[in-house]
Structures are given as C-alpha cells and as structure tokens.
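Examination of the molecular architecture
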Amino acid sequence: MKTKALLKKLSNFFPKSIAKKYHDYPGLQTGKLKEEVKTILLCLDFDEIVFNKMKEADLLDKVDLIITHHPFIYGKKKYVFLNDQNKEKLCSLIDSYNIPICSYHTNFDEGINGMNDALANALDLTNIKPLDTMQMARGGTLKKSMNVYDFAKYAKEKLNVDYGLLLPYGKSEITSVAIIGGGGWYGYRNAQEEGYDIFISGDVPHHGRRGVISYNYNYLDLPHEIEKIFMKQMKKVLLGIDDQLNVITIDHEELPKVI
C-alpha cells in the first residue's frame with residue numbers, strides 16, 4: 001500500500017488536530033517515508049530494547065514503518081538530543097536503516113476506536129461514550145454493579161496488570177465507570193461531576209490523591225502500561241484499512257517490581 005495513502009486513512013481516525021497541542025508531539029518522528037509500506041512494527045515506545053529485538057529477529061531490513069504510541073522524540077529534536085544523548089544515538093542508528101517512525105499519541109487516545117474506546121471495551125462496559133467535559137475520556141456502564149473492591153480487582157485483571165492503587169472514598173457500589181489510559185488522573189473531577197461512580201487512570205501524584213479524598217470520590221490508579229492495548233487496537237485498525245499489511249508487535253515493557 002502507498003505509505004501516504006495509509007497515513008491519510010489513519011488521520012481520518014486519529015487526526016493530528018485533536019492532539020493536545022500544549023504537551024504533545026505526534027506524527028513523523030524521524031526518517032523519510034517510503035513510497036510503499038508492507039511491514040509495520042508496532043510498539044508502545046521505541047527504545048534500545050525494541051531495536052535489539054528487531055536486530056535479533058532479523059527485522060531491520062524488512063520493516064517499512066514503525067508506529068509507536070508515545071512520541072519517540074518528545075519535544076523539539078534539538079533540545080531533546082541536548083539532554084538525551086542515548087536517544088540521539090538511537091535516532092541515528094534507526095535512520096541508518098531507513099526506517100521512519102510515526103507516533104499517534106493523544107490523537108489516538110481521543111480518536112474513535114482509539115486507546116480509551118479500547119480500554120472501555122476491555123472492561124466490557126455498555127453505553128460507551130466520551131465525557132461531555134473531557135472528550136478524551138470514555139464513560140460507560142457495567143453490565144452488573146459490584147462492590148468497589150471487587151471492581152478494582154476486576155479492572156486490574158481485565159486491563160492485564162498485576163496491581164493498582166485504590167482510593168475508595170466514594171460510593172461503595174460501582175455501576176458506572178469513566179477511564180483515561182496513561183496519566184489522565186486530573187480528569188477525576190470531570191468524571192465525578194458527570195455522575196460516574198469511579199474514575200480510572202494512572203500516575204496520580206500525592207496532591208491528586210488528596211483531592212480525590214477531599215471530594216469523597218473513588219479513583220483507581222492503574223499503571224501506565226495498561227496502554228499496551230495500543231498494539232492490539234492499532235493492529236485492528238491497520239488491518240481494517242488493508243488486510244494484506246504485515247503487522248508485527250513488540251510488547252517489551254514490564255511493570256515495576258512491587259517490593
């Protein structure tokens with residue numbers, strides 16, 4: 001398939017215009033697009049581990065495009081490289097193999113059939129829709145209400161992580177759920193004001209936890225790595241565009257060890 005035609009179709013799902021301009025850098029990260037694309041590699045983050053796995057699997061001469069969720073170069077290239085020499089070396093290395101990297105970040109999070117739709121579906125919610133006051137988040141209803149502690153265990157298992165941090169200061173019975181993958185903890189007030197019984201996201205700081213408690217609400221902090229669902233969802237979207245594409249995934253990110 002023509003590479004530019006593929007990226008144009010992806011932009012219909014995940015337009016760059018909906019990316020959060022104040023802190024995001026999606027799009028072409030490095031390299032030059034090839035005219036044709038046959039083999040695509042997906043990963044949450046492109047790093048040295050992914051490069052070495054590509055080398056071990058003899059993929060460096062076979063992959064036409066790498067698509068990541070988190071931007072490989074998060075900011076202006078000049079300033080990123082000034083503070084991260086390892087990234088500069090890795091960029092030069094992947095460029096030497098003529099493999100471009102594209103990233104779909106908050107535009108994938110918010111877009112139709114993107115990150116947060118996938119997470120809401122993984123929880124088996126019904127009536128899934130964007131929050132009125134926070135379009136990136138998704139809300140929905142459980143098929144059967146459950147105790148907040150039981151729900152936390154259920155969500156942890158459904159989203160394929162080993163642990164979570166529960167702040168059980170709201171309703172004891174959970175019927176409705178709102179979620180943002182990654183570090184969208186600050187959306188808990190939007191979810192609460194729209195009537196959802198619990199909000200799920202990650203990376204909540206201390207002052208965020210105190211805020212949840214002061215508003216008598218339920219918050220479930222799950223590791224950022226629940227966003228691994230990106231690979232499965234993006235593969236589904238890509239094959240829906242062209243089922244002849246060869247889509248390879250590398251899932252290499254491990255959760256921190258709980259001590």
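Quick caveat, the model's predicted, so the values are computed rather than measured.

Turning our attention to the sheet that holds strand β11 (residues 246-249). Taken in spatial order, the 5 strands make up an open sheet running β1-β4-β3-β2-β11, and their pairing is mixed. Two strands bound the open sheet, and with one partner strand each, they are β1 (27-30) and β11. When the angles between neighbouring strand axes are averaged without regard to direction, this sheet yields 30°. Sheet topology note: the strand β3 (residues 65-68)/strand β4 (residues 101-103) ladder contains 3 bridges and is parallel. Bridge pairing links I66 to I101 in β4.

Right, let's talk about the nonpolar core for a bit. Core analysis: the largest hydrophobic core is formed by 45 residues, its most contacted members being I67, F151, M234 and L238. When residues in this core are grouped by element, the largest group, 6 residues, is from helix α10 (residues 229-241). The residues contacting F151, other than those within four sequence positions of it, are L142, M146, I174, V177, I198 and I200. V50, F51, M54 and I66 belong to the second-largest nonpolar core, a separate cluster that totals 20 residues.

Our next topic: unusual backbone geometry. If you check the backbone angles, N98 has positive phi at about 55° while not being a glycine. With respect to the helices and strands, N98 occurs in the loop between α4 (85-96) and β4.

Turning our eyes to something else, we now look at helix α7 (residues 148-158). V148, F151, A152, Y154 and A155 are the residues of α7 that are buried. Projected onto a plane normal to the axis of α7, the buried residues spread over an arc of 165° and lie on a single side. What points out from α7, more than 90 degrees from its buried face, is the exposed set K153 and E157. On its buried face, α7 sits against β6 (138-147), β7 (165-168), β8 (173-179), β9 (198-201) and β10 (218-221). Two or three places before Y149, at the opening of α7, N147 has a side-chain oxygen 2.8 Å from that residue's backbone nitrogen. Positive phi shows up at N160, right after α7, with a value of about 60°.

Looking at where G114 falls in the secondary structure, it is placed in the loop between α5 (106-110) and α6 (115-122). According to the relative accessible area criterion, G114 is buried, its value standing at 0%. Separated by 22 residues in the primary sequence, G114 and M136 have C-alpha atoms spaced 9.8 Å apart. Setting aside residues no more than four positions away along its own chain, G114 makes contact with F14, F108 and Q233.

Turning next to α4. Taking 1.5 Å per residue, 12 residues should reach 16 Å; α4 reaches 17 Å between its end C-alpha atoms and fits that length. Inspection of α4 places L90, C91 and I94 among the buried residues, and these make up the whole buried set. Angularly, the buried residues of α4 cover 105° about the axis, an arc narrow enough to put them on a single face. Exposed residues on α4 whose side chains face more than 90 degrees from its buried face are Q85, K89 and S96.

About the thresholds
- Residues numbered from 1 in each chain as written.
- Predicted model: local features only at pLDDT ≥ 70, side-chain atom pairs only at ≥ 80, totals over all residues.
- Heavy atoms only, no water.
- Pairing = 2+ DSSP bridges.
- Helix = DSSP H or I, 4+ residues; strand = E, 2+ residues; numbered from the N terminus.
- Axes fitted to C-alpha atoms, helices over the stretch in contact; angles between N-to-C directions.
- Core = buried A, V, L, I, M, F, W, Y, C linked by side-chain atoms within 4.5 Å.
- Buried < 20%, exposed > 50% of the residue type's maximum accessible area, 1.4 Å probe, protein only.
- Contact = heavy atoms within 4.5 Å.
- Arc of directions from axis to C-beta.
- Polar contact = N/O pair within 3.5 Å; in protein donor to acceptor, adjacent residues only side chain to side chain.
- Expected span 1.5 Å × (residues − 1).

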